[in-house]
Each structure stands twice: as C-alpha cells, then as structure tokens.
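Okay, here's what each chain looks like letter by letter:
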Amino acid sequence: MGYSGREEMSEILNRTTAGVDAQIEPVLSAQQIMEYQKLVQRTAIAPHVQDYAVRLVMATHAKGTAGKSSDDGRFATPMVNKFVRLGASPRAAQSLVLAGKCQALLDGRAAAAVDDIRAMALPALRHRLILNFEAEAEGVTTDAVVENILATLPVRAE
C-alpha cells in the first residue's frame, strides 16, 4: 500500500487531531444491514466451492500441528510446513465463504464460485497466519504463503 504523501499525511492529521466533529449520515438502516446479512447467508454455494474454501484453510495447517485431525498437514505445501507456526481457524473458512458470497452478489451472480473464494483469500487469510522465526529471518510474508497455496491447491478435491 505504501506510505502517505505529505498532503495526505496533513489531511489525515486535520481529520483526526483537530477536534472537529464529522458530520455522519447513515447510508443504511440497521434493518437494511440485517437484511443484507441474511441475503449473503442465503446466497448459494456449491459443495465443491465450499470444499475448496475448507481445503484452502486446511492448507495453512503445517504437518504436525493439527492435533488429532486425520487430515494433519495433508493439504499443506512445503512452504507452509517450513514457515507457518499457526494456521487459520474455522473462522477463516467462514470469512472466505461469506466474502465469496458477497463477491458473487456484487458481481450480479446468485452463487459463489471458486474464483470468488480465491479473490478473497488474501484479505481473509493474511492476518490469520502466524509465521515462525525462520520465515521472519528469510523475509517470507503471509501474503507469499497464501499465494503459494493458491498456486498449488487443486480446484477439485483429490
């Protein structure tokens, strides 16, 4: 994203430190927001698309970190196994699915597709991964890990 320029920085300071009360006008009512939330939840998602979201999250789990799971590290890439200390939780899968459904609606479609899940992967996952010291030492970012998973995870289940 980069740093703010001189004018942008001054504007940020003017808006946040001058003690001026902003005039806020609601765009949606609470009722409308709840109706949109229900619409998103009712939006269709095919089983294979939801499974892709599940496998995408599971691909963030390094081998040996899943506890008693029978899928321990099954979907992890070598990069995940080398650099991820803590992978994403079920909330990440919820985030991926709901964001994918929103993306489909915004695009005028009634059902989420794999491409919607893929498009939401970085914003939904980047802050949910904890990398190890080796990743930090080598300059590996969570974005690089997620991009690696996206590049290698098959769309269709094995």
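This write-up is about the structure you can find in this document. What you see is a predicted model; the values in this text were computed from it and never measured.

### Focus on the pattern of salt bridges
One pass over the structure, following the stated rule, counts seven salt bridges. The partner of Arg109 in a salt bridge is Asp107, and the shortest N-O contact between them spans 3.1 Å. Arg109 sits in the partly exposed class, given a relative accessible area of 30%. A salt bridge links Arg109 to Asp116, with the nearest nitrogen and oxygen atoms 2.7 Å apart. On the basis of relative accessibility, which here comes to 3%, the residue Asp116 falls in the buried class. Put simply, Lys82, Glu134 and Glu138 are held in one network by salt bridges that share partners.

### Brief notes about the environment of Ala76
Inspection of the secondary structure assignment puts Ala76 in the loop between α3 (47–58) and α4 (78–83). Residues Ala76 and Ala88, 12 residues apart in the sequence, show an inter-C-alpha distance of 12 Å. Contact partners of Ala76, with chain neighbours within four places excluded, come to Ala59, His61, Ala62, Lys63 and Asn81.

### Some remarks on a nonpolar patch on the surface
Together, Val27, Leu28, Ile33, Tyr36 and Leu39 give the surface a local cluster of nonpolar side chains, amounting to about 480 Å² of exposed area. With respect to the helices and strands, Leu28 occurs in the loop between α1 (6–17) and α2 (30–42). The exposure class assigned to Leu28 is partly exposed, which follows from its relative accessible area of 38%.

### Some words on helix α5 (residues 90–106)
End to end, α5 covers 24 Å across 17 residues, agreeing with the expected 24 Å (1.5 Å per residue, within 8%). Close packing links the buried residues of α5 with α2, β1 (44–45), α3, β3 (111–112) and α6 (114–125). Immediately beyond the C-terminal end of α5, within one or two residues, lies Gly108, with a positive phi of roughly 80°.

Conventions we followed
Residues numbered from 1 in each chain as written. Predicted model: local features only at pLDDT ≥ 70, side-chain atom pairs only at ≥ 80, totals over all residues. Heavy atoms only, no water. Salt bridge = Lys/Arg side-chain N within 4 Å of Asp/Glu carboxyl O. Buried < 20%, exposed > 50% of the residue type's maximum accessible area, 1.4 Å probe, protein only. Helix = DSSP H or I, 4+ residues; strand = E, 2+ residues; numbered from the N terminus. Contact = heavy atoms within 4.5 Å. Patch = residues over 30% accessible without salt bridge, like charges linked within 9 Å, V, L, I, M, F, W, Y side chains within 5 Å. Areas by Shrake-Rupley, 256 points an atom, 1.4 Å probe, with all protein chains shown as cover. Expected span 1.5 Å × (residues − 1).

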